[in-house]
Amino acid sequence: MNRFEGKTVLVTGGNSGMGLATAQAFAAEGARVVITGRDAATLAAAKETLGANALAIANDAGSVAAARDLAARLSAEGIRLDALFINAGIAKFAPFPDVDEALWDESFNTNVKGAYFQIQSVLPLLNEGASIVLNGSINAHIGMPASSVYAASKAALITFAKTLSAELLPRGVRVNVVSPGPVSTPLHEKLGLSDDVAAQLQAQIPLGRFGRSSEVAATVLHLASPESGFIVGTEIIIDGGMSQL
């Protein structure tokens, strides 16, 4: 299919994992893709997979100034957006007694403040009828130990989908959330999950396996396309039944 032929999309954190898989899926369906990330090497490698028309921009997802700078660069290049996948984020975990202000600030700056002001910054660049998809998490719904800060930051994104949808509907802009469960991504590798912990997580998933980045990407593309035009302010959970059954 070529649902995004002639369209331009922005994927934050598009240099690895679910972000890269989603950027590749958009490109495969004809979109011009802009990706952001903090690591120059992975950004360059990701861009190579997206075609000559793709744009890769180094950007700090937790910085309001960086959000403004990104919007200014896109505007200067005459880029307007038909879809935005707010995917950049961090996942850091600690038992409640061990949480310090630094962990709190880093998590909320990147996952909440950065996301909020990135949307605000590119709002003038969104075409009428554009779609915004936020990357949440099932941690916002389950009481997983050591996840209090991460879960709270992702719960904030779910409320954004509702309140921002209400504000942006006059412009025809829809906002929705995908909330994955455990997905095999480089982020999980960075967390250093032991084989035992991974096995325990997998045992909690009714489908008996971790999700794939491509499965999240497919849902993001559905929400970003006109075929989902009647879906507004909604969260779609992608977790193999982990939080549902």
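Just so it is clear, the model here is predicted, and its values are computed rather than measured.

S.K.: For this particular structure, what's the right way to read the side chain of Ser 225?
M.R.: Relative to the elements of secondary structure, Ser 225 occurs in the loop between helix H8 (213–224) and strand S7 (235–238). When its relative accessible area of 1% is taken as the criterion, Ser 225 is described as buried. For Ser 225, the contacting residues outside a window of four places in its chain are Arg 3, Phe 4 and Arg 174.

S.K.: It is not clear to me how the pattern of salt bridges should be interpreted in this structure. Could you clarify?
M.R.: Two side chains of opposite charge can pair, provided their charged atoms sit close to one another. Here the structure, examined in full by the defined rule, presents six salt bridges. Note that Arg 3 is salt-bridged to Glu 227, the shortest N-O span being 2.9 Å. Taken as a pair, Arg 3 in the segment before strand S1 (8–11) and Glu 227 in the loop between H8 and S7 lie far apart in primary sequence, 224 residues in all. Overall, Arg 3 belongs to the partly exposed group, its relative accessible area being 22%. Note that Arg 209 is salt-bridged to Glu 215, the shortest N-O span being 2.7 Å. Among the ionic contacts, a cluster of salt bridges with common partners joins Arg 3, Glu 29 and Glu 227.

S.K.: Mind showing me how you'd approach the sheet that holds S7 here?
M.R.: The strands making up a sheet associate through backbone hydrogen bonding, with each pair oriented either parallel or antiparallel. Pairing is parallel across the open sheet formed by seven strands, whose spatial order is S3-S2-S1-S4-S5-S6-S7. Either end of the sheet is taken by a strand with one partner, and the two such strands are strand S3 (55–58) and S7. Between one strand and the next, the sheet's axes are offset by a mean angle of 15°, whatever the strand orientation. The sheet strands contacting helix H2 (residues 40–50) are strand S2 (32–37) and S3, and the helix crosses S2 at an angle near 170°. The strands touched by helix H5 (residues 148–168) within the sheet are strand S5 (126–135), strand S6 (174–180) and S7, with S6 carrying the most contacts at an inclination of about 160°.

S.K.: Can you walk me through the UniProt feature "domain: Ketoreductase" (unreviewed entry) in the chain in this structure?
M.R.: What UniProt calls "domain: Ketoreductase" (unreviewed entry) maps, in this numbering, to residues 7–181. Structurally, residues 7–181 is divided into 45% helix and 21% strand, and its ends, taken at the C-alpha atoms, are 29 Å apart.

S.K.: Would you mind going over H2 with me for this structure?
M.R.: Structurally, the α-helix is built with 3.6 residues per turn, so residues lying three or four positions apart point the same way. Along H2, the residues classified as buried are Leu 43, Ala 46 and Leu 50. Mapping the buried residues of H2 onto a view down its axis gives an arc of 70°, with all of them on the same face. Within H2, the exposed residues directed more than 90 degrees away from the buried face are Ala 41 and Glu 48. Its buried side turned inward, H2 meets helix H1 (17–28), S2 and S3. The N-capping residue of H2, defined by a side-chain oxygen 3.3 Å from the backbone nitrogen of Ala 41, is Asp 39. Note on H2: the residue one or two positions beyond its end, Gly 51, has a positive phi of about 100°.

S.K.: Would you mind going over the layout of surface pockets with me for this structure?
M.R.: Gaps left between atoms are located by rolling a probe of water-molecule size over the structure's atoms. Volume-wise, the second largest pocket comes out at about 180 Å³. The wall of the second largest pocket is formed by 13 residues, among which Lys 7, Asp 82, Gly 129, Ala 224 and Pro 226 lie closest to the centre. Classifying every residue of the lining of the second largest pocket by side-chain character gives four nonpolar, four polar and five charged.

Parameters and conventions
Residues numbered from 1 in each chain as written. Predicted model: local features only at pLDDT ≥ 70, side-chain atom pairs only at ≥ 80, totals over all residues. Heavy atoms only, no water. Helix = DSSP H or I, 4+ residues; strand = E, 2+ residues; numbered from the N terminus. Buried < 20%, exposed > 50% of the residue type's maximum accessible area, 1.4 Å probe, protein only. Contact = heavy atoms within 4.5 Å. Salt bridge = Lys/Arg side-chain N within 4 Å of Asp/Glu carboxyl O. Pairing = 2+ DSSP bridges. Axes fitted to C-alpha atoms, helices over the stretch in contact; angles between N-to-C directions. UniProt positions renumbered as here; feature names shortened; annotations may be inferred. Arc of directions from axis to C-beta. Polar contact = N/O pair within 3.5 Å; in protein donor to acceptor, adjacent residues only side chain to side chain. 1 Å grid on protein atoms, 1.4 Å probe; cavity = no way out; pocket = protein on both sides within 12 Å on 5 of 7 lines; lining within 4 Å. Points joined across faces, edges and corners; volume = space filled by probe spheres on them. Nonpolar A, V, L, I, M, F, W, Y, C, P; charged D, E, K, R; others polar.

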